[in-house]
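# Observations on the model geometry
What follows is each chain in one-letter form.
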Amino acid sequence: MGVLIMGRASASVKQMQKYIKSKNPGVEQTVLDMIPLYLTEGEAEGVKGDIAFAQSCLETGNFTFAGSAVSLRQNNFCGMGVTKNGEKGNNFPSPQLGIRAQVQHLKAYACNQPLKQGCVDPRFHFVKRGMAEYVEWLGIQENPNHTGWAAGKGYGEKILKIHRDILNVESEEEGMRINVHAGHNFKVPGAAGVFSETTEDRKVKDLVIRKLQAAGHTVYDCTDENSGSVSGNLAAIVAKCNAHAVDLDVSIHFNCYNGAAHGTEVFIYNWGTAAEPYAQRIVDKIGELGYTKRGVKTNSSLYVLRHTASPALLVECCFCDSAEDAGKYTAEKMANAIVSGITGSAMSGNTPSGDTKDWLSRGDTGAEVTEWQKKLNIFGSGVHVDGEFGPDTETQTIRVQRLVGVNPDGCAGEKTRVAVDTYLKKNNWIQVRDGRWWYRHADGGYVKNDWEKIGGVWFFFDGSGWMKTGWIEWKKNWYYLKANGAMVSDNLVRTDGKVYYVDKSGKMCYTDSSGALK
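Since the model is a prediction, treat every value here as computed from it, not as a measurement.

## Comments concerning the pattern of salt bridges
Under the defined criterion, the tally for this structure stands at 21 salt bridges. Between Glu157 and Arg164 there is a salt bridge, with the nearest N and O atoms lying 2.6 Å from each other. When the shortest N-O distance is used, the salt bridge between Asp284 and Lys293 registers 3.3 Å. On the accessibility criterion, Asp284 (29% relative accessible area) is partly exposed.

This is the structure:
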């Protein structure tokens, strides 16, 4: 029927950067630097980040802002708040928050799912949820519900035209395009024994995806979590796989037999398929972990191998009902072996590789991990500084990576450390793990119990330095702060069924005993 707003992005960062440079050769470097945020913020909410970027290109005239009601310094890349001619639109304290607000606004139109991150979209609650599931329906004239983002004719199709042009850009990235999925789901679970196949194949799948992405490859997660039958699960996985033209489909499973069988094996459709060399390397790499190598095998009856359009392989990592295999197993080591088998070489980028390693990832210990945990805690991560890179340290690494705008792979590599250090050398917003915000100065200081003007907008911070929202009383006057912390001035404020007016300085002007307009 149309192109869904919700889902995974198809375009890469390189494609989007190359596109905008072709349309606007003088584009600001800050614009190029913030493009990865479209994908990370989109991924966080389940919105296609490349669709959001295409919309920004439309709204800003490819970031020239020629004829636009907003400017680059407003960090408003979608015309949010420009509800009529002459309006200046909303301001956001950082590019990340501006993009987050846009993504959240798209999500409001596209579905009824709750937000995964704190709401920074000042107009989120004005949207009647789920009324524009498709990009084409963002235009009011084309929307069967007669609502949408913009009134101009063909608004959604204009976004899709830009999106198609982006996808037609030849990416400068060197790397494979790979589908990866975990087998089964929790409604139709897989094998069980010493441990659960359904639980562990998802852990391995997530690690494999992050490590391949960190090594520069484009990876699509084709796992199905919703189907309630085996046939439905298999069909959904194949449909997701066949939605992408890729070099390889990788299906991750764990075997089960009688408690005595053990080892690793990889299935392919037939001999001579392009998947065969990958399958052999994966068996060899997993075998190096101490598992019995049962070898590469053909099986033309397996549904995924039979119906996927690209070369495909199915990894049976080991036997989940074997105490021998379970004693050797960790998700991290298994993922490393699979990635090494796919890439055909030692892993690079932010991903662990053999004995030569200049990055930190889950399972690492020591003084370097301790220092990294301390750095995370500057960002309010609250991790236990114990020198062990465990699940919480990985989760908080991902959170901080999203904040500073690098690939959220959960590994503290060179790019991540440089981005974190650069972020801390400037005045910047920091969000802690519970969602609260503070504004850190380059020297580590911050404002307490006072106002600070940031990016041309006033914000108020309490006695502990946390950004405030809603009504506050300051020196016997009342001020209203939006959900993103920005002070409202020379405007109406509607709260609790009443309407208030605040003047140009932000002070509430009384019109009756409660301050509400009569």
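What follows picks up the thread again.
## With respect to the UniProt feature "repeat: Cell wall-binding" (unreviewed entry) in the chain
Here, the residues flagged by UniProt with the feature "repeat: Cell wall-binding" (unreviewed entry) are residues 468–487. Here residues 468–487 is 0% helix and 50% strand, with 10 Å between the C-alpha atoms at its ends.

## Quick word on the sheet that holds strand β15 (residues 508–509)
The strand order across the open sheet formed by three strands is β13-β14-β15, and the pairing between neighbours is antiparallel. For this open sheet the edge positions go to β13 (491–495) and β15, each flanked by a neighbour on one side alone. The sheet contact formed by β13 and strand β14 (residues 498–502) spans five bridges and is antiparallel. Counted as the bridge partner of Asn491 is Val502 from β14.

## With respect to helix α5 (residues 155–167)
Taking 1.5 Å of rise per residue, 13 residues should cover 18 Å, and α5 covers 19 Å from first to last C-alpha, within 8% of that figure. Within the sequence span of α5, burial applies to Tyr155, Gly156, Ile159, Leu160, Ile162, His163 and Ile166. In an axial view of α5, the angular spread of the buried residues amounts to 160 degrees, which keeps them on one side of the axis.

## What about the sheet that holds strand β5 (residues 293–298)?
Taken in spatial order, the six strands line up as β2-β1-β3-β6-β4-β5 in an open sheet, and their pairing is mixed. Since the sheet does not close on itself, it has two edges, and those belong to β2 (218–221) and β5, each with one partner. Strand after strand, the sheet turns through a mean of 20 degrees between neighbouring axes, direction not considered. Relative to β2, strand β1 (residues 177–182) runs parallel, the two being bridged by four bridges. From the neighbouring strand, Ile178 faces β2, where its bridge partner is Val219. Sheet strands in contact with helix α11 (residues 331–343) are β1, β3 (248–255) and β6 (312–319), and its direction is about 150 degrees off that of β6.

## Some points on a positive patch on the surface
On the surface, Lys14, Lys18, Lys21 and Lys415 cluster together into a positively charged patch. Broken down by element, the residue count for the positive patch peaks at three residues, all from helix α1 (residues 13–23). Of note, Lys21 is situated in helix α1. The exposure class of Lys21 is partly exposed, given its relative accessible area of 43%.

## A word on the pairing of strand β4 (residues 264–268)
The side chains of a regular strand alternate, residue by residue, between the two faces of the sheet. Summarising burial for β4: five of the five residues are buried, a large majority. Burial along β4 is two-sided: the residues Thr264, Val266 and Ile268 and Glu265 and Phe267 are all buried. In this sheet, β5 lies alongside β4 in parallel orientation, the contact comprising five bridges. Each residue of the ladder has a partner; that of Thr264, found in β5, is Lys293. In this sheet, β6 lies alongside β4 in antiparallel orientation, the contact comprising four bridges. In the sheet register, Glu265 faces β6, and the bridge partner there is Glu316.

## So, the environment of Trp372
Relative to the elements of secondary structure, Trp372 occurs in helix α12 (residues 367–378). Note on Trp372: relative accessible area 6%, which makes it buried. Spatially, the C-alpha atom of Trp372 lies 38 Å from that of Ala245, the residues being 127 residues apart in sequence. Dropping the residues within four chain positions of it, Trp372 is found in contact with Leu360, Phe389, Thr393, Thr397, Ala412, Thr416, Arg417 and Val420.

About the thresholds
- Within any chain, residue numbers begin from 1 and follow the written order of that chain's sequence.
- Note on the predicted model: pLDDT of at least 70 is required for a residue's local features to be given, and 80 or more for side-chain atom pairs to be given and counted; whole-chain, interface and lining totals, by contrast, use all residues.
- With hydrogens and water set aside, each side-chain value is computed from the structure's full complement of heavy atoms.
- What counts as a salt bridge is simple: a side-chain nitrogen of Lys or Arg found within 4 Å of a carboxyl oxygen of Asp or Glu.
- Between buried and exposed lies partly exposed: a residue is buried under 20% and exposed over 50% of the maximum accessible area for its type, with that area taken using a 1.4 Å probe on protein chains only.
- UniProt positions are given in the numbering used here, feature names are shortened, and annotations may be inferred rather than shown by experiment.
- In DSSP terms, a helix is any run of H or I states spanning at least four residues, a strand is any run of E spanning at least two, and both are numbered starting from the N terminus.
- Strand pairing is assigned whenever DSSP identifies at least 2 bridges connecting the two strands.
- In a helix, the anticipated span is given by 1.5 Å times the number of residues less one.
- To be clear, the arc concerns the directions from the helix axis to the C-beta atoms.
- In this description, a line fitted to the C-alpha atoms serves as the axis of each element, helices being fitted only across the stretch in contact, and the angle between N-to-C directions of two axes falls anywhere from 0 to 180 degrees.
- Two residues qualify as a contact provided that any one of their heavy atoms is within 4.5 Å of a heavy atom in the partner residue.
- Two distance rules govern patches: like charges are joined within 9 Å, and nonpolar side chains (Val, Leu, Ile, Met, Phe, Trp, Tyr) within 5 Å, applied only to residues with over 30% relative accessible area and no salt bridge.
- Only the protein chains shown count as cover for residues, with accessible areas throughout obtained via the Shrake-Rupley method and a probe of 1.4 Å.
- His is not counted here, nor are the chain ends, while Lys and Arg score as positive and Asp and Glu score as negative.
- Every charge is mapped onto a representative atom, which is NZ of Lys, CZ of Arg, CG of Asp or CD of Glu.

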